[in-house]
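Reading the structure
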Amino acid sequence: MHLTLRQLKVFESVARHLGYTRAAEELHLTQPAVSMQIKQLEDSVGLPLFEKMGKKIFLTEAGRELYGYSNSISRQLDEVDEVIEGLKGLERGRLAISVASTANAFATRLLAAFSKDHSGVTVSLDVTNRRGLLSQLANNEADMVIMGRPPRDLDLVTEAFMDNPLVVIAPPGHPLGSERNIPLTRLQNETFVVRELGSGTRNAMERFFTDQGIRVTTGMEMTSNEAIKQAVEAGLGLGIVSIHTLELELETRRICVLDAENFPILRHWYVVHRRGKRLSPAAQAFKDYVLAEGDKIMPTLMTFGNSQP
Ligand code: PGA
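Residues numbered from 1 in each chain as written. Predicted model: local features only at pLDDT ≥ 70, side-chain atom pairs only at ≥ 80, totals over all residues. Heavy atoms only, no water.

**Some points on the pairing of strand 3 (residues 94–100)**
- Extensive coverage of strand 3 is indicated by the burial of six of its seven residues.
- By the bridge criterion, seven bridges tie strand 3 to strand 4 (residues 122–128) in an arrangement that is parallel. Within the sheet, the bridge partner assigned to V99 lies in strand 4 and is V127.
- Viewed along the sheet, the connection from strand 3 through helix 5 (residues 104–117) into strand 4 turns out right-handed.
- Bridge analysis of strand 3 against strand 5 (residues 144–148) gives three bridges, and the strand direction is parallel. Residue I97 lies in a different strand from strand 5, and its bridge partner there is M144. (Buried < 20%, exposed > 50% of the residue type's maximum accessible area, 1.4 Å probe, protein only. Helix = DSSP H or I, 4+ residues; strand = E, 2+ residues; numbered from the N terminus. Pairing = 2+ DSSP bridges. Right-handed = clockwise from strand over helix to strand, strands pointing away.)

Here it is as structure tokens:
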């Protein structure tokens, strides 16, 4: 049997998602390229690896066997990679970090400050929403992750390093902008533009309103904080975002923060990795840096109403 690591990687992705389209997206390949790799792999194994029932695909018995082995081969390869990176030391190491879309507002700053003292380290930064981060942690795909509220069902090392207040935003001149301690019931009359399902901000917002017994009307759904801010500025509704995304808008007074009852929703930022992960010297140095300096990277932005500084 002749098979390549590339084919195993493609196979693993299709097997994990039980779908060619999602595997193609994950691997940045076209769907025909993915099908071709699987076909070649099946030819060299000599048995079908997937079977199709209705519109769904499933692993065959041979597919399940191969999946078990390919997972352990991938883990071994990751370990080799980590050991080699460790041997390169801090001078030429590599750091693969993934951050929540919202954390991108400060993560690039953290990386820039870290890189000043560690110019030999090659950094790759992946920005995705909470759901994407959970899948990367589950599949051991990132050295480290910066996220809000780590999941409880994975064996992780999690350390909080900075507060993450979520606030209600409105366009400048909004009638509620000049009010103080706005009762939450007043927000029931407003429409909210919201982040996509799978976003940590969206989860936190929904949990908060459910806990408070408040039903708000949700309008358009958007996949980035930038889009939410622009929509709010354009008058499409109110929004809820992390204060850390608002530095520029508050400075230029394009957005105002409402002083609503029980706000901000107080979340925290965590640096997270799998327990037992062998952190390379570069990853360890970055983690130490974030824990020591992370909370100084953002200015204090918490002010309310139409009269921002
Ligand atoms: P998000 O995550 O960018 O997916 O909303 C932020 C968070 O978890 O607080």
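There is more to say, and it comes next.
**Overview of the domain arrangement of the protein**
- Per the domain assignment, the segments making up the protein are domain 1 (5–83), domain 2 (89–162 + 268–296) and domain 3 (165–266).
- Summarising the inter-unit geometry, the C-alpha centres of domain 1 and domain 2 are found 28 Å apart.
- With seven residues of domain 1 in contact, the opposing surface of domain 2 contributes six residues.
- Roughly 570 Å² of surface becomes buried between domain 1 and domain 2 when both sides are summed, with 31% attributable to carbon and sulfur atoms.
- Inspection of the region where domain 1 meets domain 2 yields three salt bridges.
- Salt-bridge contacts for E141 lead to R16; the nearest nitrogen and oxygen are separated by 3.9 Å.
- Seen at the junction of domain 1 and domain 2, the total is one residue pair in polar contact (both at pLDDT 80 or more). (Domains from an automatic or database assignment. Contact = heavy atoms within 4.5 Å. Buried area = accessible area lost by both parts, 1.4 Å probe. Salt bridge = Lys/Arg side-chain N within 4 Å of Asp/Glu carboxyl O. Polar contact = N/O pair within 3.5 Å; in protein donor to acceptor, adjacent residues only side chain to side chain.)

**A word on empty space enclosed by the protein**
- Scanning the model with the defined rule gives two cavities of 30 Å³ or more in all.
- By volume, the largest cavity amounts to about 120 Å³.
- At the level of secondary structure, the elements contributing two or more residues to the lining of the largest cavity comprise strand 5, strand 6 (156–170), helix 8 (200–211) and strand 11 (265–274).
- Residue classes in the lining of the largest cavity are distributed as four nonpolar, nine polar and three charged.
- There are two domains that each give the lining of the largest cavity at least three residues, and those are domain 2 (89–162 + 268–296) and domain 3 (165–266).
- Put simply, the second largest cavity is a space of about 40 Å³.
- Lining the second largest cavity we find V193, V194, R195, T201, R202, M205, I228 and I240.
- Taken together, the elements giving at least two residues each to the lining of the second largest cavity come down to strand 7 (191–195) and helix 8.
- Looking at the lining of the second largest cavity residue by residue, the classes come out as five nonpolar, one polar and two charged. (1 Å grid on protein atoms, 1.4 Å probe; cavity = no way out; pocket = protein on both sides within 12 Å on 5 of 7 lines; lining within 4 Å. Points joined across faces, edges and corners; volume = space filled by probe spheres on them. Nonpolar A, V, L, I, M, F, W, Y, C, P; charged D, E, K, R; others polar.)

**Considerations on the nonpolar core**
- Core analysis: the largest hydrophobic core is formed by 33 residues, its most contacted members being L95, F106, L110, I146, F161, W269 and F286.
- Breaking this core down by element, the ones donating at least two residues are strand 3, helix 5, helix 6 (130–138), strand 5, strand 6, strand 11 and helix 11 (281–293).
- In terms of residues, this core owes the most to one element, helix 11, which gives six residues.
- For I146, the contacting residues outside a window of four places in its chain are I97, S98, V99, A100, A103, F106, L110, L133, F161, W269 and Y270.
- Counting residues in hydrophobic clusters, the runner-up holds 22 residues, among them C256, L258, A260 and F263. (Core = buried A, V, L, I, M, F, W, Y, C linked by side-chain atoms within 4.5 Å.)

**Some thoughts on the packing of helix 1 (residues 5–17) against helix 4 (residues 61–88)**
- It is at 10 Å that the axes of helix 1 and helix 4 come closest, and there the two elements cross at 115°. When you trace helix 1 past helix 4, the crossing you get is left-handed. Each of L5, L8, F11, E12, A15 and R16 in helix 1 lies in contact with helix 4, whose residues at this interface are G63, L66, Y67, S70, N71, I73, S74 and L77.
- Taken together, the residues of the contact of helix 1 with helix 4 break down into eight nonpolar, four polar and two charged. (Axes fitted to C-alpha atoms, helices over the stretch in contact; angles between N-to-C directions. Left-handed = near helix turned anticlockwise from the far one by under 90°.)

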